[in-house]
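# Results of the structural survey
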Amino acid sequence: MNIYTTIESPLGEILLAGDGSVLTRVSFDVGVPAGWRREPLAFAEAERQFGEYFAGERTVFELPFVSHGTEFQERVWAEVAAVPYGATTSYGAIAARIGAPRDRIRAVGAAIGANPLLVLRPCHRVVAADGALTGYAGGLSRKHDLLTLEGALQPQLWSVS
């Protein structure tokens, strides 16, 4: 049986879901399938760590999680998980690290897009080869805000003329 809770963040509500011992989903899409049971206390440690992350006090999560992807997705996700706080990498670099040919970069992007553990498995740290922000299940504005929080991007300064 899946259990869940939602937590508030500076980027909006986040869904945390799992089985009570491990996280299986972290998402900005807070739609909950029928039959899931709300249990906020089961996610108290995750809520604490996410609060620390958004306060700039945590750079690494220490939470148990599991995902069930294809072998290819799991290889991609392992490389995504290795991208450190404050850094970015490209889809092409991820493809190269898993030994995928250049014509498989779109497949790498699709695997990253299927990541069920947003923020926790930091797919927001993957950018285009030219540094452009592309594709993020949580929305490009959230990707920008996460990278800014981590110091990988400079805050956008707006001028009024």
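Small disclaimer: the values here were computed from a predicted structure and weren't measured. (Residues numbered from 1 in each chain as written. Predicted model: local features only at pLDDT ≥ 70, side-chain atom pairs only at ≥ 80, totals over all residues. Heavy atoms only, no water.)

### Regarding the UniProt feature "domain: Methylguanine DNA methyltransferase ribonuclease-like" (unreviewed entry) in the protein chain
With numbering matched to this structure, UniProt assigns "domain: Methylguanine DNA methyltransferase ribonuclease-like" (unreviewed entry) to residues 3-65. The span residues 3-65 shows a helical share of 17% and a strand share of 27%, and its end C-alpha atoms are spaced 14 Å apart. (UniProt positions renumbered as here; feature names shortened; annotations may be inferred. Helix = DSSP H or I, 4+ residues; strand = E, 2+ residues; numbered from the N terminus.)

### Regarding the UniProt feature "active site" (unreviewed entry) in the protein chain
The UniProt feature table records "active site" (unreviewed entry) at Cys123. In this structure, Cys123 sits in the loop between helix 4 (105-113) and strand 6 (126-127). The buried category is assigned to Cys123, whose relative accessible area is 4%. Discounting residues that sit within four places of it in the chain, Cys123 has contacts with Val80, Ile112, Asn115, Leu118, Tyr136 and Lys143. (Buried < 20%, exposed > 50% of the residue type's maximum accessible area, 1.4 Å probe, protein only. Contact = heavy atoms within 4.5 Å.)

### Digging into the packing of aromatic side chains
Here a ring pair, both rings aromatic, is described through the centre-centre distance and the interplanar angle of the planes. Following the criterion strictly, the structure yields four aromatic pairs and no others. Here the aromatic rings of Tyr53 and Phe54 are separated by 5.1 Å at their centres, their planes lie at 80°, and the arrangement is edge-to-face. An identical accessibility class is assigned to Tyr53 and Phe54; each is buried. Summarising the aromatic geometry, the rings of Tyr53 and Tyr85 are spaced 6.2 Å apart at their centres and angled 90° between planes, so their arrangement reads as edge-to-face. Linking Tyr53 in helix 1 (residues 44-54) with Tyr85 in the loop between helix 2 (71-81) and strand 5 (89-90), this pair joins segments that are 32 residues apart in sequence. A relative accessible area of 1% places Tyr53 in the buried class. The class of Tyr85 is partly exposed, set by a relative accessible area of 24%. An aromatic cluster is present here, built from Phe50, Tyr53, Phe54, Phe61 and Tyr85 joined pairwise through their rings. It is Arg104 that lies over the ring of Phe72; its NZ or CZ is 4.8 Å from the centre. (Phe/Tyr/Trp six-rings, centres within 6.5 Å; stacked < 30°, edge-to-face > 60°. Lys NZ or Arg CZ within 6 Å of the ring centre and 35° of its normal.)

### Some thoughts on the pairing of strand 2 (residues 14-18)
In terms of burial, strand 2 is a largely internal element, five of the five residues being buried. Inspection of the sheet shows strand 1 (residues 3-7) paired to strand 2 by five bridges, in the antiparallel sense. Residue Thr5 lies in a different strand from strand 2, and its bridge partner there is Leu16. Judged from the four bridges that link them, strand 2 and strand 3 (residues 23-27) form a sheet pairing that is antiparallel. Among the inter-strand pairings, Gly18 is bridged to a residue of strand 3, identified as Leu23. (Pairing = 2+ DSSP bridges.)

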